[in-house]
Each structure stands twice: as structure tokens, then as C-alpha cells.
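Architecture at a glance
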Amino acid sequence: MDIQVNPQVNLFLEAADLICAYVNGIDPKYLTEDGAACVPGKEIGRIMEIACGELDLSASLVKFYFHGYRINESGPDENRLVCIGNILANSCMVLDNDGTRSARELLRQCYLATGKPYRLNSFSKAGFGWDPCAEFCPISEELDKLAIPDALRLRLAEVLSNYSRYAEYLCDLLEPVVERLRPLLTPWIQKLQPLTEQWIVALREEEKLQNFLSRFNADLEEVSRIVMCPRVLFPGDCNGYYSSDGTLFCYAGAGLRIGQAKKPELAPSELTALRLLSGADRIDMLRVMVASGWALENWPGS
């Protein structure tokens with residue numbers, strides 16, 4: 001297995017997520033978590049003010065790209081918003097780069113810039129996925145398959161109908177923020193080097209490698225190469241995608257523990273049931289039943 005861990009953080013992706021949080025008033029604590037290599041929430045707040053403070057929040061371009069949409073109403077990602085800016089950055093940035101190319105160069109290399117037909121196959125906090133196809137596929141029909149807010153669907157249809165133009169506009173917004181962000185994140189990026197070295201060592205062990213691949217519902221026979229890039233914001237994330245040659249590309253957060261299998265996520269209905277069961281009235285009722293010696297066999301239907 002060929003394993004490559006790029007020590008360079010994708011600052012364009014980090015900038016897009018940071019701007020989205022800034023524009024929508026998201027508390028910086030939701031962009032991080034506890035961990036030796038994770039940036040504290042207060043420091044992220046300071047970085048956010050410096051990197052994003054010059055943005056004009058009333059500008060139509062800023063509103064179009066960074067107005068946030070909630071795609072998870074409950075669970076660990078209920079405070080996570082997606083916007084046109086971070087959807088494109090997640091979905092269309094080339095990952096295995098040397099950190100010297102501009103956002104424009106990276107976005108221009110995206111398959112969507114070629115004008116070739118494709119089918120959308122997924123949508124999540126990590127953006128959308130697509131597969132090349134041989135025949136024309138109407139963008140509107142492809143977007144209708146995605147479980148996303150209608151307002152977001154309309155904006156994505158506009159962007160994907162003229163991808164190159166909207167990619168250039170996004171770069172106009174991202175590049176100044178990236179330049180301000182670079183020196184602010186450099187000390188934290190340097191702290192990631194020992195962690196990335198640990199990832200390489202861990203992935204040499206077959207069991208840990210298999211556990212890692214299980215995050216992507218993949219196995220050893222399907223993947224011939226892994227290319228990883230560390231993330232500073234949202235350090236609990238580990239999002240990836242495949243290429244046709246069997247390469248797994250992934251953005252791995254600073255909180256990632258290699259070898260730990262992905263925890264199964266509860267369905268929305270299960271989360272709702274848990275919230276109902278943990279309501280204060282029901283807890284009080286259970287306490288009274290226990291105190292009065294109410295036995296299981298006295299429950300109706302027992």
C-alpha cells in the first residue's frame with residue numbers, strides 16, 4: 001500500500017470554513033474540539049477576527065457564497081453549516097498538491113471545469129460527490145436527487161451551470177483571506193508534523209489500516225494508494241473520496257486517531273427517541289416508580 005501524507009494544510013478549504021462560520025455568527029468553539037494538536041476555541045476566535053474581519057458582510061458576493069444552510073437538524077453536526085463556498089472548496093479542490101499553487105489553479109483542475117457530463121452521487125457536510133458518465137445529465141435532475149434545502153439547490157444549479165465563472169468569483173474572496181490566515185495557522189500546522197508521522201506508522205499495521213478504511217466503507221482489495229492531508233478546523237472530520245485508479249484521497253482532522261473504526265451514527269428518528277426518553281418529566285416518573293417499588297412485571301403488557 002502506497003501511503004502519502006501531505007504535511008501542507010489546504011488553506012483554501014480552511015479559509016472557506018472559517019468565512020462561513022464568521023458570516024453566519026457561529027461560535028468558534030464549534031470549529032474545534034479537545035486534543036493536543038487541536039486549536040483552542042478562543043484562539044480560533046482570534047484568528048477568525050483577523051483573517052475575516054475585513055470582509056464586507058453586506059456584499060452580495062459574500063452573501064451568495066457564504067450564507068449558511070443547515071443540513072443536520074440534530075446530532076453532533078447540528079451546529080455545522082454548509083454554504084456554496086465550502087461546498088465547492090470541499091468538492092473541487094485538488095488534494096495532493098505541494099501547497100504552492102493558488103486556489104484558481106486548484107479549482108481549474110476540478111473535473112467540473114472540463115464541461116464533461118457527470119452524475120451527482122452524494123451530498124454531506126463534506127460537499128457533493130460525482131461520477132463521470134458517458135451521456136448528458138441535466139443538472140436540475142441531478143440536484144433533485146439530493147436531500148438539501150430548495151434555496152441551496154437553486155444556488156448550486158446556478159453555480160454548476162457556469163462552474164468556471166463562479167470558481168473565479170470564489171477565488172476572489174478566498175485568496176486575501178488565505179494570505180492573512182497563513183501566518184496565523186503556521187504555528188499550529190507545525191504542531192501537526194509529529195501527528196502525521198504517527199499516521200504513516202499506524203497505517204503500516206494491517207488491522208489499523210483496515211479500521212481506517214472502514215470509515216469509507218472500503219477494504220484492502222479496493223484501495224491501492226492513500227493520499228492524506230491534515231485539517232486544522234473541524235479536527236474530528238475525516239472525509240475522503242476515490243479516484244478511478246484506486247486512490248483514496250482524504251482530509252484528516254488533527255483529532256483523528258488512526259486505527260479507531262468510525263462510530264456508527266444514529267438516525268434522526270433514533271436521536272429524537274433518545275431526547276424524548278431523557279425528558280425531565282420521564283426521569284421524574286422513573287424516580288417515583290423506583291422509589292415506590294414498582295416492578296417490571298407490573299408494566300402493562302409484561
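Residues numbered from 1 in each chain as written. Predicted model: local features only at pLDDT ≥ 70, side-chain atom pairs only at ≥ 80, totals over all residues. Heavy atoms only, no water.

Structural notes on the state of the cysteines
In the structure shown here, the tally under the stated rule is 0 disulfides. Looking at the unpaired cysteine 83, the closest cysteine sulfur is the one in cysteine 20, lying at 3.4 Å. (Disulfide = S-S within 2.5 Å.)

Observations regarding the pattern of salt bridges
Summed over all chains, the structure comprises 9 salt bridges. With its nearest N and O atoms 3.4 Å apart, the salt bridge here joins arginine 225 to aspartate 2. Note that arginine 225 is positioned in strand S6 (residues 225-231) and aspartate 2 in strand S1 (residues 2-5), a separation of 223 residues in sequence. According to the relative accessible area criterion, arginine 225 is partly exposed, its value standing at 22%. Classification of aspartate 2 as partly exposed rests on a relative accessible area of 41%. (Salt bridge = Lys/Arg side-chain N within 4 Å of Asp/Glu carboxyl O. Helix = DSSP H or I, 4+ residues; strand = E, 2+ residues; numbered from the N terminus. Buried < 20%, exposed > 50% of the residue type's maximum accessible area, 1.4 Å probe, protein only.)

A closer look at empty space enclosed by the protein
In this structure the tally under the stated criterion is 2 cavities of 30 Å³ or more. Here the largest cavity defines a volume of roughly 80 Å³. If you trace the largest cavity, you find 11 residues lining it, with Asp17, Ala21, Arg80, Leu81 and Phe234 closest to the centre. The greatest single-element share of the lining of the largest cavity, amounting to 3 residues, is contributed by helix H1 (residues 11-23). Taken together, the residues of the lining of the largest cavity sort by class into 7 nonpolar, 2 polar and 2 charged. In this structure, the second largest cavity is lined by Leu18, Ile44, Ile47, Leu181, Leu185 and Leu233. Listed by contribution, the elements that provide at least two residues to the lining of the second largest cavity are helix H2 (41-52) and helix H8 (163-190). A breakdown of the residues in the lining of the second largest cavity according to their chemical character gives 6 nonpolar, no polar and no charged. (1 Å grid on protein atoms, 1.4 Å probe; cavity = no way out; pocket = protein on both sides within 12 Å on 5 of 7 lines; lining within 4 Å. Points joined across faces, edges and corners; volume = space filled by probe spheres on them. Nonpolar A, V, L, I, M, F, W, Y, C, P; charged D, E, K, R; others polar.)

Thoughts on the nonpolar core
Nonpolar side chains tend toward joint burial in soluble globular proteins. In terms of nonpolar packing, the biggest core is built from 90 residues, with Leu18, Phe66, Phe212 and Met228 touching the most fellow members. It is H8 that contributes the most residues to this core, 14 residues altogether. (Core = buried A, V, L, I, M, F, W, Y, C linked by side-chain atoms within 4.5 Å.)

Brief notes about the side chain of asparagine 86
Along the chain, the position of asparagine 86 falls in helix H4 (residues 84-92). With relative accessibility at 4%, the residue asparagine 86 sits in the buried group. A polar contact is formed between the side chain of asparagine 86 and the backbone nitrogen of cysteine 83, at a distance of 2.9 Å. Beyond its immediate stretch of four places on either side in the chain, asparagine 86 contacts Ala16, Asp17, Cys20 and Leu81. (Polar contact = N/O pair within 3.5 Å; in protein donor to acceptor, adjacent residues only side chain to side chain. Contact = heavy atoms within 4.5 Å.)

Examining the packing of aromatic side chains
All chains considered together, the criterion is met by 4 aromatic pairs. Judged by centre distance (5.2 Å) and plane angle (80 degrees), the rings of phenylalanine 64 and tyrosine 65 are edge-to-face. Using a relative accessible area of 15% as the deciding quantity, one classes phenylalanine 64 as buried. Ring geometry for phenylalanine 212 against phenylalanine 216: centres 5.5 Å apart, planes inclined by 70 degrees, an arrangement best described as edge-to-face. In this pair, the class of phenylalanine 212 matches that of phenylalanine 216, namely buried. Ring pairs connect the aromatic residues Phe64, Tyr65, Tyr166 and Tyr169, which therefore count as one cluster. One cation-aromatic arrangement involves arginine 165 over tyrosine 166; the distance from NZ or CZ to the ring centre is 5.7 Å. The aromatic ring of tryptophan 188 is capped on one face by lysine 191, whose charged end is 4.2 Å from the ring centroid. (Phe/Tyr/Trp six-rings, centres within 6.5 Å; stacked < 30°, edge-to-face > 60°. Lys NZ or Arg CZ within 6 Å of the ring centre and 35° of its normal.)

Spatial relationships are all this shows, so hold off on functional conclusions.
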